[in-house]
Amino acid sequence: MARYAMLIDLAACVGCAACAAACVLENEVPPGHNRLWIRQRELGTFPDLTVEYRPEQCLHCEHPPCVPVCPTGASHQTEDGLVLVKAERCIACAACIAACPYDARFMNPAGYADKCTFCEHRIARGEDPACVETCPTGCRVFGDLDDPASPLHAWIAAAERVDVLRPEMGTTPKLLYLNTPSKRGLAQQESEVES
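Thresholds, definitions, all that
- Residues numbered from 1 in each chain as written.
- Predicted model: local features only at pLDDT ≥ 70, side-chain atom pairs only at ≥ 80, totals over all residues.
- Heavy atoms only, no water.
- Pairing = 2+ DSSP bridges.
- Helix = DSSP H or I, 4+ residues; strand = E, 2+ residues; numbered from the N terminus.
- Buried < 20%, exposed > 50% of the residue type's maximum accessible area, 1.4 Å probe, protein only.
- Lys, Arg positive; Asp, Glu negative; His and termini not counted.
- Salt bridge = Lys/Arg side-chain N within 4 Å of Asp/Glu carboxyl O.
- Contact = heavy atoms within 4.5 Å.

Q: How do you make sense of the pairing of strand E2 (residues 36–45) when you look at a structure like this?
A: Residues in a regular strand project their side chains so that they alternate between the two faces of the sheet. As judged from the 10 bridges shared by E2 and strand E3 (residues 48–57), these two strands associate in the antiparallel manner. Bridging across to E3, Trp37 finds its partner in Glu56. Joining the antiparallel neighbours E2 and E3 is a turn of 2 residues.

Now the structure itself:
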């Protein structure tokens, strides 16, 4: 089985939120809610300031704390590691929402816990998640952690450093962040300088 994950190159993210808009449209996310959002923070001190944009969503943890607390099994993990919610089995107790250390879940107005699914319906068709397909800078890479032929595998192997949110939680997230200037980004900058 595949072990799906997503890598986000923070150096290439411009905070345009095209990924968030694509997610809302693809998954019919109700107004006022988000499965994906962008955090912005300023780095450095004046006058040497930069802005980092960090997209966040469900991390599809290998050890998801949201799954064992679900009394009905609605919150579950698939064989390929996706963490999903069966809406028809959810009793809206919100235990999974409270258990998630990343605030990645919300209560859908239809009466069930909701979150990012890595667009599992698109994966089943052999497509990338909508956020990956839509990103204008290509800062998102999706694939199988165990497949050496996967572009994701190549990016991780070439990375100087890959980070996760709150590693001290021991959840082993599969939403990964590349925190050093990407080779792709550097190559694009060099070609722009040459032309």
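This is not the end of the story, as more comes after the structure.
Q: How should the side chain of Arg105 be read in this particular structure?
A: Mapped onto the fold, Arg105 is located in the loop between helix H2 (95–99) and strand E6 (106–108). As a buried residue without a salt bridge, Arg105 has its nearest oppositely charged side chain in Asp114, at a separation of 8.6 Å. With residues near it in sequence (within four places) discarded, Arg105 still touches Cys66, Ser75, Val83, Val85, Cys96, Ile97, Ala113, Asp114 and Lys115.

Q: Is there a simple way to think about the sheet that holds strand E9 (residues 162–163) in this case?
A: Working definition: the strands of a sheet are paired by backbone hydrogen bonds and lie parallel or antiparallel to each other. Reading across the sheet, the 4 strands line up as E8-E1-E10-E9 and stay open at both edges, with mixed pairing between neighbours. In this open sheet, the two strands that pair with only one neighbour each are strand E8 (140–144) and E9. Looking at chain direction, strand E1 (residues 4–9) and E8 are connected through 5 bridges and run antiparallel. If you follow Met6 over to E8, its bridge partner there is Phe142.

Q: Would you mind showing me how to read the pattern of salt bridges here?
A: Any two side chains of opposite charge can pair, so long as their charged atoms come close to each other. Enumeration according to the criterion identifies 12 salt bridges in this entry. The salt bridge partner of Glu56 is Arg39, with a shortest N-O separation of 2.9 Å. Taken together, the residues span a long stretch of sequence, with Glu56 in strand E3 and Arg39 in strand E2 at a distance of 17 residues. You can call Glu56 buried: its relative accessible area is 4%. Across the pair Glu127 and Arg125 runs a salt bridge whose closest N-O atoms are separated by 2.9 Å. Judged by relative accessible area, Glu127 falls into the partly exposed class, the value being 31%. Residue classification places Arg125 among the exposed residues on the basis of a relative accessible area of 51%. Among the ionic contacts, a cluster of salt bridges with common partners joins Glu26, Arg122, Arg125, Glu127 and Glu133.

Q: What am I meant to see in the environment of Phe118 here?
A: Following the sequence through the fold, Phe118 ends up in the loop between strand E7 (112–114) and helix H3 (120–124). For Phe118, a relative accessible area of 1% translates into the label buried. A sequence separation of 90 residues divides Phe118 from Glu28, and the C-alpha atoms of the two residues are 14 Å apart. Residues within four places of Phe118 in sequence aside, it is in contact with Tyr4, Ala5, Met6, Gln57, Cys58, His60, Leu82, Ile123, Pro129, Phe142 and Lys174.

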